[in-house]
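# Architecture and fold: a report
The primary structure of each chain is shown beneath.
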Amino acid sequence: MSSPYPDLNDPALRDRAVRAAQGQEAFDTLLVNGRVADVATGEVRDADVGLVGPLIASVHPRGTFREAGEVIDLGGRIVAPGLIDSHLHIESSMVTPRTYAGVVVPQGTTTICWDPHEVGNVGGLEAVRWAIAASRGLPLRIIVLAPSCVPSAPGLERSGATFDGTAMQEMLSWPEVGGVAEIMDMRGVLARTPLMRSITQAGLDSGKLVCGHARDLAGKGLQGFLAAGIESDHEITSEADLLEKIRAGMTIELRVSHEDILPQAVALFHKLGYVPQTVTLCTDDIFPDDLVSRGGMSYMLRRLVQLGLDPVQALRAATLNTAMRLQRRDLGLVAPGRRADLVVFDDLTEFRAHHVFASGRHVAENGELCEALRPDPVAAPTETMKLALTTEQSFYIRASGAHARVRTVAIPRTTRWGERDVAVKDGHVVIPEDAALMAVFNRYGASDVPGLGILEGWGEWSGAVATTVLHDSHNLAVIGRGEADMMLAANTLIKSGGGMVAVRDGKVLAHLELPVCGLLSAAAPEEVARQFNAVRDACASVTTWNGHTAVIKLMIGASLACNPGPHVTDMGITSGMTGEVVTDCVLA
């Protein structure tokens with residue numbers, strides 16, 4: 001049986017490490033005058049750390065050894081394991097893997113589990129191959145998971161590809177793939193549909209991870225979901241939901257992208273007296289502005305400590321717990337024999353990374369990379385908008401008479417069905433002033449007729465917004481009022497290859513171009529963040545919505561058909577838990 005870590009288990013390297021640990025040979029790098037965050041014991045203790053190649057060779061009392069190729073005085077700073085993000089979508093940050101690494105490595109993240117679900121839905125297996133190739137040769141270890149739900153809700157939406165059990169088997173055969181990414185088709189899992197049964201079984205047969213998405217599942221449904229062989233969830237909605245899933249044996253991927261749940265999570269951990277071993281931390285979906293300005297995993301740690309969680313327990317969830325989940329025995333501890341993935345923090349309140357090491361290499365210092373990243377090794381997939389330009393008529397809900405009754409999608413995020421009476425003029429519905437129209441166009445050539453629905457509870461609109469970042473099939477969605485503005489918004493993105501745009505009174509207010517799969521930009525992260533901020537602010541200006549969640553975030557999730565409740569997709573208004581598809585919202 002071959003070694004899982006050939007770079008660590010070279011006998012000559014181990015010989016050097018053993019000698020250095022006993023003072024018989026110099027270390028390559030010696031970190032002195034530091035304190036070690038021991039996530040095994042919960043201590044923060046004085047220690048020096050000696051590195052040999054990619055290995056930690058020794059963690060010893062201060063001043064024990066002095067011989068090293070390089071000695072770095074930490075001045076009392078804290079050495080911790082490199083942070084491990086247990087679940088994320090790089091695409092949510094709208095940058096390429098190379099750019100993403102350049103942002104998060106200086107923040108202290110050295111390993112991530114990437115579900116390239118978004119590019120997979122756009123470009124199929126070739127896009128997943130690109131994701132793997134684009135992840136190689138970076139100071140960030142990227143464990144790629146195989147997208148399981150392409151599309152996420154079969155029969156309720158159409159994406160750019162369809163992955164079945166055979167496709168899953170192929171991806172799981174690739175050495176870079178660490179398992180099955182979040183299985184989102186909860187209805188299909190519980191009904192044991194042939195598609196979801198074959199995808200789940202491929203994961204079980206591979207012996208790799210089988211990850212889940214169990215939003216609002218409880219009781220018998222949750223038990224059945226786990227009985228299928230699915231192991232994890234990040235869709236936590238309350239303290240009670242979290243406790244039930246911990247008790248059920250799930251690995252929890254507690255996420256910062258929905259930080260309103262964090263106070264309840266900390267309250268539960270205090271009641272339990274500790275953070276369970278099965279709790280890991282993740283970012284899931286982080287917008288580019290937040291990634292650049294406040295950070296990903298480092299921000300998650302700050303928030304948990306601000307909420308009263310012990311910092312070493314928080315670090316354990318971000319390191320050792322995740323390493324154990326990933327079956328990566330080389331990661332997660334500052335200990336001899338482990339991989340030298342290390343972050344040196346100024347303190348355990350702000351979690352500002354002063355030094356970062358990846359496999360023993362000094363890769364970042366004071367928030368900057370120590371050396372330039374390699375160029376992208378492969379061309380990124382572009383030209384994914386297979387859609388003709390729209391017309392104003394594309395946004396008509398046809399009806400006869402002077403009035404009609406229509407079904408609506410009421411309340412953002414936690415959607416429910418609604419009904420209301422509307423006026424009809426010139427053969428089509430007049431959208432009420434307190435409502436908005438949502439149109440979703442299939443951008444992969446399946447149809448040029450959009451799914452249409454009326455949204456209630458989104459405020460009053462005076463323009464339109466459009467996006468091709470649309471979980472999870474990433475079709476083209478337009479939300480707003482006024483057919484002319486909606487047409488302009490849609491056509492702007494069709495011409496630019498995808499992205500986000502806000503329009504009012506026939507003028508483009510802000511436009512973020514995302515030509516890679518209609519999801520990503522190769523521009524510098526600060527520039528992507530600036531343009532995203534401009535679009536976010538412009539989107540907020542065309543509606544009176546003033547809820548807790550920004551309208552741009554509501555828009556991106558407004559077509560998430562696998563979740564409970566009605567959602568507008570390219571096929572109409574669909575229901576994730578019943579399978580209903582309403583192609584005409586007019587009742588009478």
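Each remark here, short or long, concerns the structure printed above.
Each residue is numbered by its place in its chain's sequence as written, counting from 1. The predicted nature of this model means local features are confined to residues of pLDDT at least 70 and side-chain atom pairs, given and counted, to a pLDDT of 80 or more, with totals for whole chains, interfaces and linings taken over all residues. Heavy atoms from the whole structure form the basis of all side-chain values; hydrogens and water molecules are not counted.

## Considerations on the packing of helix 4 (residues 165-172) against helix 6 (residues 194-206)
Helix packing geometry: the angle between the two helix axes and the distance between the axes. Just so we agree on the cut-off: Where helices are involved, their axes are fitted lines through C-alpha atoms of the stretch in contact, as for all axes, and angles between N-to-C directions lie from 0 to 180°. Helix numbering and strand numbering both begin at the N terminus, where a helix is a DSSP run of H or I of at least 4 residues and a strand a DSSP run of E of at least 2. Roughly parallel here means an angle under 35 degrees, roughly antiparallel means over 145, roughly perpendicular means 65 to 115, and every remaining angle is called oblique. The sense of a crossing depends on the near helix, which, turned anticlockwise from the far helix by less than a right angle, makes the crossing left-handed and, turned clockwise, makes it right-handed. In what follows, a contact means two residues having at least one pair of non-hydrogen atoms within 4.5 Å. Charged residues are taken to be Asp, Glu, Lys and Arg, nonpolar residues to be Ala, Val, Leu, Ile, Met, Phe, Trp, Tyr, Cys and Pro, and polar residues to be all remaining types, Gly included.
Relative to each other, helix 4 and helix 6 sit at 25°, their axes nearing to 8 Å. Considering their axes alone, helix 4 and helix 6 lie roughly parallel with respect to each other. In terms of crossing hand, the pair formed by helix 4 and helix 6 is right-handed. Packed against helix 4, whose contacting residues are G165, M168, Q169 and L172, the element helix 6 presents S198, I199, A202, G203 and S206 at the interface. Here the contact of helix 4 with helix 6 is composed, by residue class, of four nonpolar, five polar and no charged.

## Some points on the sheet that holds strand 13 (residues 279-282)
For the record, the criterion: One bridge is not enough; two strands pair if DSSP finds at least two bridges between them.
The strand order across the open sheet formed by three strands is 11-12-13, and the pairing between neighbours is parallel. Sheet topology places strand 11 (232-233) and strand 13 at the edges, where each strand pairs with a single neighbour. Here strand 11 pairs with strand 12 (residues 251-255) via two bridges, running parallel. By the bridge assignment, S232 is partnered in strand 12 with T251. Contacting strand 12 and strand 13, helix 11 (residues 297-306) crosses the sheet at an angle of about 125° to strand 13.

## Quick look at the pairing of strand 9 (residues 177-183)
Here is the rule we go by: Burial classes: relative accessible area under 20% of the type maximum marks a residue as buried, over 50% as exposed, and values in between as partly exposed (1.4 Å probe, protein chains only). Here, the term right-handed applies to a crossover whose path from the first strand over the helix to the second runs clockwise when the strands point away from the viewer.
Most of strand 9 sits out of view: six of its seven residues are buried. Where strand 8 (residues 141-146) meets strand 9, two bridges bridge the pair, whose relative direction is parallel. The partner of V144 across the bridge, within strand 9, is V177. Taking the sense of rotation as the criterion, the β-α-β connection linking strand 8, helix 4 and strand 9 turns out right-handed. Summarising the sheet, strand 9 and strand 10 (residues 209-212) pair through three bridges and their orientation is parallel. In the sheet register, I183 faces strand 10, and the bridge partner there is G212.

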